[in-house]
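Listed below are the residues making up each chain.
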Amino acid sequence: MRTLAVTAPSRAMLGHLAWVLRRNPLTALASAGALALCLVALFSPWLTPYDPIASDVPIALQPPSAAHWAGTDQLGRDLLSRIIAATRLDLAIALSAVGLSFVVGAVIGSFCGYAGGKLDRAVGRLVDVLMAFPLFVLAMAMVAALGNRVENIVVATAIINLPFYIRFARAEVNIRRDLGWVEAARAGGESHASVVLRYLLPNILPAMAVQISLNLGWAILNAAGLSFIGLGVRPPTPEWGILVAEGARFITTGKWWLVAFPGLALMLSVLCFNLMGDGLRDILDPRQRT
Amino acid sequence: MSPLLRIENLSVTFATRAGPIEALRGIDLTVGAGQTLGIVGESGSGKSVTAFATTRLLDRAGRIAGGRILFKGQDVSRLSGKEMQALHGAAISMIFQNPRAALNPIRTVGLQLADALRAHRDLSAAAARARALDLLKAVLIRDPERRLDAYPHELSGGMCQRVMIALAVACEPALLIADEPTTGLDVTTQKTVMDLLARIAAERGMAMILITHDLGLAAKYCGRVVVMERGRLVEEAAPGRLFAHPQHAYTKRLVAASPTPNSTLADLVGETRPAGSGIPAAPHPAPPRGTALLLEVQDLVKRYGNAAAVDGISLRMRPGESLGLVGESGSGKSTTSRLICRLIDPSEGTILFDGQSIGDVPARDFHRSELRRAIQIVFQDPNDSLNPRFSAFDSIAQPLKRLTGLRGAALRARVMESAERSGLGPDLIDRFPHQLSGGQKARIGIARAIAVRPRFLILDEPTAALDVSVQAMILHLLDLLRREDDLAFLFVSHDLNVVRMMCERTIVLQNGRVVEEGASETLFARPQSAYARELLAAIPHFDPGAPLAATA
Amino acid sequence: MRTSLGATTGRAARRLLSSAPALIGVLVFTFLLMRVLPGDPAVFFASGPNAGQAEIEAVRKQMGLDRPIPEQLLRYLGDVGTGQLGRSMTTGQPVMKDLRERLPASLELTFAALLIALTLSIPLGILAALRPGSAVDHGVRLLCSLGVCVPTFVSGLLLIYVFYYLLGFAPDPTGRLDVFAAAPPGITGFLLIDFALTGDWEGWRAAAAQLVLPAVTMALFVIAPLARITRASMLAVLGSDFIRTARSLGLSRTQIVVTYALRNAILPVLTIAGIVFSTMLGANVLVEKVFSWPGVASYALDALLSSDYAPVQGFVLLMAVIFVAVNLVVDLLYGLADPRVSIS
């Protein structure tokens, strides 16, 4: 009987989702793009037309052609292969950083927002201060302090994302903590911890999903920016930021493809996650449509 | 002579995601110069839409689909934006619900008044300021010179509404439309604001349309009343006749469901049994003297910072008794209910339940107490008292699982039983809150509270957010449940008529203190304290058969 | 405005005090940054990596590195207080002097970009909000969606390709001035101001030409969030009750849009502008690298990559100070624009 009750609404929700996606073709397209990106990241070794590391100096710096759709770099490596191979690393950095800061931030934020009081105000103030600080500079300094390694790029990106999640979870919990159903849960014998974890957190998850989607794009940009300036990932590992940095040396001599294609990959992936986030927000809360 | 305003066959549709919705389906009404017309109806009846259509202030989604709105013979619905702008304020003005939001938060009251004046008159800044001062004096704002430079957030809700009135009458319009002007204000503030509005309209010979859900208010301040239901106008008459001899079935239900100083619960739901049978007029037999106390509260204090929300309240209740707790906003009635429900901790004082001290168990740990089951609460707004992610079943089942350990078939049986007793059909049990109406949600809130078989139920304004016809049914249900389960009620409300019907005894609170306490019948018939008298006098009554209290 | 000068000053003082914890936090952070870094700080502060063991020991003693950590922290705070930020290994100069020389370049770039961004984004946001669903609105929304997706280092490089390589409009994208041009006397350090002060319009034009591409690059990145928040807040205000009141009173459209809507809508924009300025300070790192701009960010970056940590520390501190100053300004402006905050 209960299983019936559970599956019925979830099937209805799937139907609703399909309806919503049909009504919002842009969101559907963006979601499909994000999914495609993840698939490319998963299967990148099988998708690259050439070896992304193998150099072939005689064909260095060739513009896009039928053989090399995105051209070749200064060592004659196929740029398209390098861009595809980079997808995995870039997405992995962004996903793990955002995942880390989401889990930590949502828990800290909801407990603070629910508890209120002095600690909450102190955390709120700290978060506001952190958010207004030049976060890219903070990330740079952290990578410098922790050591110039990929794991530390993840940690630094996670830490600069953390204030957003804390603030978001805090605000979302704060507007709900005095609602009837939260007090009713207390009157129904729930402890404070269980009210936060079993009642409030599930309720703010949809809104958090929007934030995650929007932040993924931002995290990708940040990680790429850090490797562009030479932190984190080192050449010859293919990574979008590094590809652009390598191409930068040849831009004044007109070798545009070296910058344009990795840039396009960056842009499209960020665009997909952002549009998906915007679409999700519109679906969840039409009033906040911007 | 043609009337000031004549609305002919007006229909309005709203474009929504689910398709167009007809908010008005062809209404006709007229207002003569200097007349006062009341439009009453429940939510969704289209009464506010009528006002916004007349002033052409509908949302973007709303559209006048047909009909004419003739103001002084001119069809307002065909006017251009520029022509409409000339009418706004100078010929037709509006007063809105929620006065604080209706004023520009970052502009001083004086400048906003000056803006309104200079929109239609060629005045210098100094002249406009002098005129604004006169207007503030006219709406009886104390210390008007200083208030000219005040921002809305520095004024109380009642004062903001007076400023709004001043803005609306600044350019002496011929028609004033007041859309629920006192909803959200306390009953004493409501009286002063409405008296002022009626006086100003009368003095300046303005016609007024008063839109309200409160029949008493319409009866007291309007010369003629129309009743609306689902976008249609169902009845129109002078208030005395309308409320004494309603003709339309809907008006009959509406009039019956509105609490009056003499009505009983049976009256509200329209039960027409002969006196002496069915529900007795006296709500409940008084518990026998000498029974052990169920609840004893001594000198309860709750402080937030330096301010005391509850400032030394004591009360006692016997098993099965119903006690009303009334007061205006800030009286501490909701805080008291939460203190007794052990959702928050008192700063001082003792709470004894069934002889056990529960006031010193921290609220943080009370969920583990044996007595958690015994004390339950029903919340005010049904919309936010249910977890949006729980079905009706889950909402009722969750406290049962926690507090009684019931599982499986036994759990299901108990949930279904509680739902049924609360008047919730089994077909609704798997629905989520957004698929239910306000009344249905209120029933789930009640089912959730009675499912664990408490002995003491706290009702925190359980019907404040509901339409009167739904309120009547819910009150009736609560009374029935109380009788069946021999429950004790602590009934918190701002509505004195409701408390009188539901409770044997009543406590009146003001600023966190008890100002009067006594048997409901006596307290309402012969209030002793000045404050209780003032509260009672402020309720706008409509008394079927009695002469009109005021005429415009 | 009833906010008197006294109240504003009091507010400023309170805000300064309340940002003290943030500053101290950054100081402790930079101190730890120095201490947990691989290598021995004494080596950096000695004449260089080739210094003898004895010299390093002497420096260590002189710097107090043999003392307990809390005492070192106190000494460090004292040093920072007196402006001693250490010496850069790469330039061989005191960090304080390097930063002072380079800061105007960074600020000139940031302010120019902010100016471009604000003058474009606010009118765009307002236009879009006034006609929701129109072509302008869709255009602005598209621009906003695309704008935040293009990383500054990519858009900068592409601008160079188009305007320098293809069209030849822009000068060689390296530095603040053509290598052959004469620098103006250093009055403020802001080239545009210095050239203007000396009346050297030829030089002014050259400096402006160098500035345009990096400033536009940086502006492009922040136009999107600014236009977006302007549009959103303008839409929210236009839909609010008091705008309806203003319409019901027959106020003119200009007065409703400008006096009633815009003045309210600008409040959230002001808050975001502070964060945007912060973002731009961060984006400086990328833009200065792309355009070889001799600012503080590229200085810190070069130092970081060559494991020269004193400049990095100085840079982070400088950013913290600027950040506190910017927040203070935003806060004061907000206090002037919104009477409600002066109460709480």
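Just so it is clear, the structure is predicted and the values come from calculations on it, not from any experiment.

Structural notes on the interface of chain B and chain A
Step number 1: Counting residues at the interface gives 27 residues for chain B and 26 residues for chain A.
Step number 2: Taken together, the two surfaces of chain B and chain A that pack against each other cover about 2,300 Å², and 52% of this comes from carbon and sulfur.
Step number 3: Inspection of the chain B/chain A interface yields nine residue pairs in polar contact (both at pLDDT 80 or more).
Step number 4: Tallied by class, residues from the side of chain B that touches chain A come to 11 nonpolar, five polar and 11 charged.

Let's talk about unusual backbone geometry
Step number 1: For D486 of chain B, which is not glycine, the phi dihedral falls at a positive 55°.
Step number 2: As for its position among the elements, D486 of chain B is in the loop between helix 17 (468–485) and strand 18 (488–493).

Examining the side chain of R147 of chain B
Residue and element names in this part refer to chain B.
Step number 1: Structurally, the position occupied by R147 is in helix 6 (residues 144–147).
Step number 2: Within the buried set, R147 has no salt-bridge partner at all; the shortest N-O distance to an opposite charge, 5.6 Å, is to D143.
Step number 3: If we skip the residues at most four places from it in the chain, R147 touches V109, L136, I141, R142, L155 and M159.

Notes on the pairing of strand 13 (residues 322–326) of chain B
Residue and element names in this part refer to chain B.
Step number 1: Among the five residues that make up strand 13, five are buried, leaving the element largely enclosed by the rest of the structure.
Step number 2: Residues S322, G324 and V326 of strand 13 are buried on one face, and the alternating residues L323 and L325, pointing to the opposite face, are buried as well.
Step number 3: As judged from the five bridges shared by strand 13 and strand 18, these two strands associate in the parallel manner. Note on strand 18: the bridge partner recorded for L325 is V492.

Considerations on the confidence of the model for chain A
One rule of thumb: low pLDDT means the predicted coordinates there are not for detailed reading.
Residues and elements named next belong to chain A.
Step number 1: In the predicted model, chain A carries a mean pLDDT of 83, and 92% of its residues have values of at least 70.
Step number 2: By mean pLDDT, the top-scoring element of chain A is helix 3 (residues 79–115) (91), and the lowest-scoring one is helix 1 (residues 2–23) (58).
Step number 3: Segment residues 1–9: pLDDT under 50, and eight contacts once partners within four positions in sequence are set aside and those in other chains are kept.
Step number 4: Throughout residues 286–290 the model reports pLDDT below 50, and contacts reaching past four residues in sequence, or to other chains, amount to 10 contacts.

Considering the interface of chain A and chain C
Step number 1: Taken together, the 40 residues of chain A in the interface contact 46 residues of chain C.
Step number 2: Summing both partners gives a buried area of about 3,800 Å² for chain A against chain C, and 78% of it is carried by carbon and sulfur.
Step number 3: Between the two partners, chain A and chain C, sit one salt bridge.
Step number 4: The salt bridge partner of D278 of chain A is R228 of chain C, with a shortest N-O separation of 2.9 Å.
Step number 5: Our count for the contact surface shared by chain A and chain C stands at one residue pair in polar contact (both at pLDDT 80 or more).
Step number 6: Within the residue set of the side of chain A that touches chain C, elements represented by two or more residues are helix 4 (117–132), helix 5 (135–146), helix 8 (192–228), helix 9 (240–248) and helix 10 (257–284) of chain A.
Step number 7: Residues belonging to the side of chain A that touches chain C are distributed by class as follows: 28 nonpolar, nine polar and three charged.

A word on the domain arrangement of chain B
A common measure of how large an interface is: the accessible area buried when the components associate.
Residue and element names in this part refer to chain B.
Step number 1: When the domains of chain B are assigned, the result is domain 1 (5–257) and domain 2 (295–537).
Step number 2: Placing the centre of domain 1 and that of domain 2 at their C-alpha centroids yields a distance of 36 Å.
Step number 3: The partner domain 2 presents nine residues to the eight residues of domain 1 that form the contact.
Step number 4: Counting the surface domain 1 buries against domain 2, the share from its top three residues, E42, T188 and A257, is 49%.
Step number 5: Looking at the side of domain 1 that touches domain 2, the elements with two or more residues in it are helix 8 (187–203) and helix 11 (249–257).
Step number 6: Ranked by residues supplied to the side of domain 1 that touches domain 2, first place goes to helix 8 with three residues.
Step number 7: In terms of residue class, the side of domain 1 that touches domain 2 is built from three nonpolar, two polar and three charged.

Here's the deal with the pattern of salt bridges
Step number 1: Enumeration according to the criterion identifies 43 salt bridges over all chains in this entry.
Step number 2: Put simply, R244 of chain C and D241 of chain C hold a salt bridge, and the shortest N to O gap is 3.8 Å. One end of the pair, R244 of chain C, and the other, D241 of chain C, are both in helix 10 (residues 241–248), three residues apart, so they sit about a helical turn from each other.
Step number 3: A residue is classified by how much of its surface remains accessible, and D241 of chain C, at 23% relative accessible area, is partly exposed.
Step number 4: Connected through shared salt-bridge partners, D73, R77, R82 and E246 of chain A make up one network.

A look at a nonpolar patch on the surface
All names here are of chain A.
Step number 1: Together, L35, L39, L42, F43, W46 and L47 give the surface a local cluster of nonpolar side chains, amounting to about 680 Å² of exposed area.
Step number 2: Here L47 shows up in helix 2 (residues 25–47).
Step number 3: Judged by relative accessible area, which is 43%, L47 ranks as partly exposed.

Some words on the packing of aromatic side chains
Residue and element names in this part refer to chain B.
Step number 1: Applying the stated criterion to the full structure yields 13 aromatic pairs over all chains.
Step number 2: A centroid spacing of 6.0 Å and a plane angle of 35° characterise the contact between F353 and F456, whose relative ring orientation is tilted. Taken together, the positions of F353 in strand 14 (residues 348–353) and F456 in strand 17 (residues 456–460) put the pair 103 residues apart, joining distant regions of the chain. As far as burial versus exposure is concerned, F353 and F456 are alike and both buried.

Looking at the packing of helix 5 (residues 95–130) of chain C against helix 12 (residues 296–305) of chain C
Residue and element names in this part refer to chain C.
Step number 1: Where helix 5 meets helix 12, the axes come as close as 7 Å, and the angle between the chain directions of the two elements is 135°. Between helix 5 and helix 12, the interaxial angle falls into the category oblique. Facing V95, D98, L99, R102, L103 and S106 of helix 5, the residues of helix 12 in contact are V296, A297 and Y299.
Step number 2: Tallied by class, the residues present in the contact of helix 5 with helix 12 amount to six nonpolar, one polar and two charged.

Definitions and limits used
Residues numbered from 1 in each chain as written. Chains lettered and ligands numbered in written order. Predicted model: local features only at pLDDT ≥ 70, side-chain atom pairs only at ≥ 80, totals over all residues. Heavy atoms only, no water. Contact = heavy atoms within 4.5 Å. Buried area = accessible area lost by both parts, 1.4 Å probe. Polar contact = N/O pair within 3.5 Å; in protein donor to acceptor, adjacent residues only side chain to side chain. Nonpolar A, V, L, I, M, F, W, Y, C, P; charged D, E, K, R; others polar. Helix = DSSP H or I, 4+ residues; strand = E, 2+ residues; numbered from the N terminus. Buried < 20%, exposed > 50% of the residue type's maximum accessible area, 1.4 Å probe, protein only. Lys, Arg positive; Asp, Glu negative; His and termini not counted. Salt bridge = Lys/Arg side-chain N within 4 Å of Asp/Glu carboxyl O. Pairing = 2+ DSSP bridges. pLDDT = per-residue confidence, 0-100. Domains from an automatic or database assignment. Patch = residues over 30% accessible without salt bridge, like charges linked within 9 Å, V, L, I, M, F, W, Y side chains within 5 Å. Areas by Shrake-Rupley, 256 points an atom, 1.4 Å probe, with all protein chains shown as cover. Phe/Tyr/Trp six-rings, centres within 6.5 Å; stacked < 30°, edge-to-face > 60°. Axes fitted to C-alpha atoms, helices over the stretch in contact; angles between N-to-C directions. Parallel < 35°, antiparallel > 145°, perpendicular 65-115°, else oblique.

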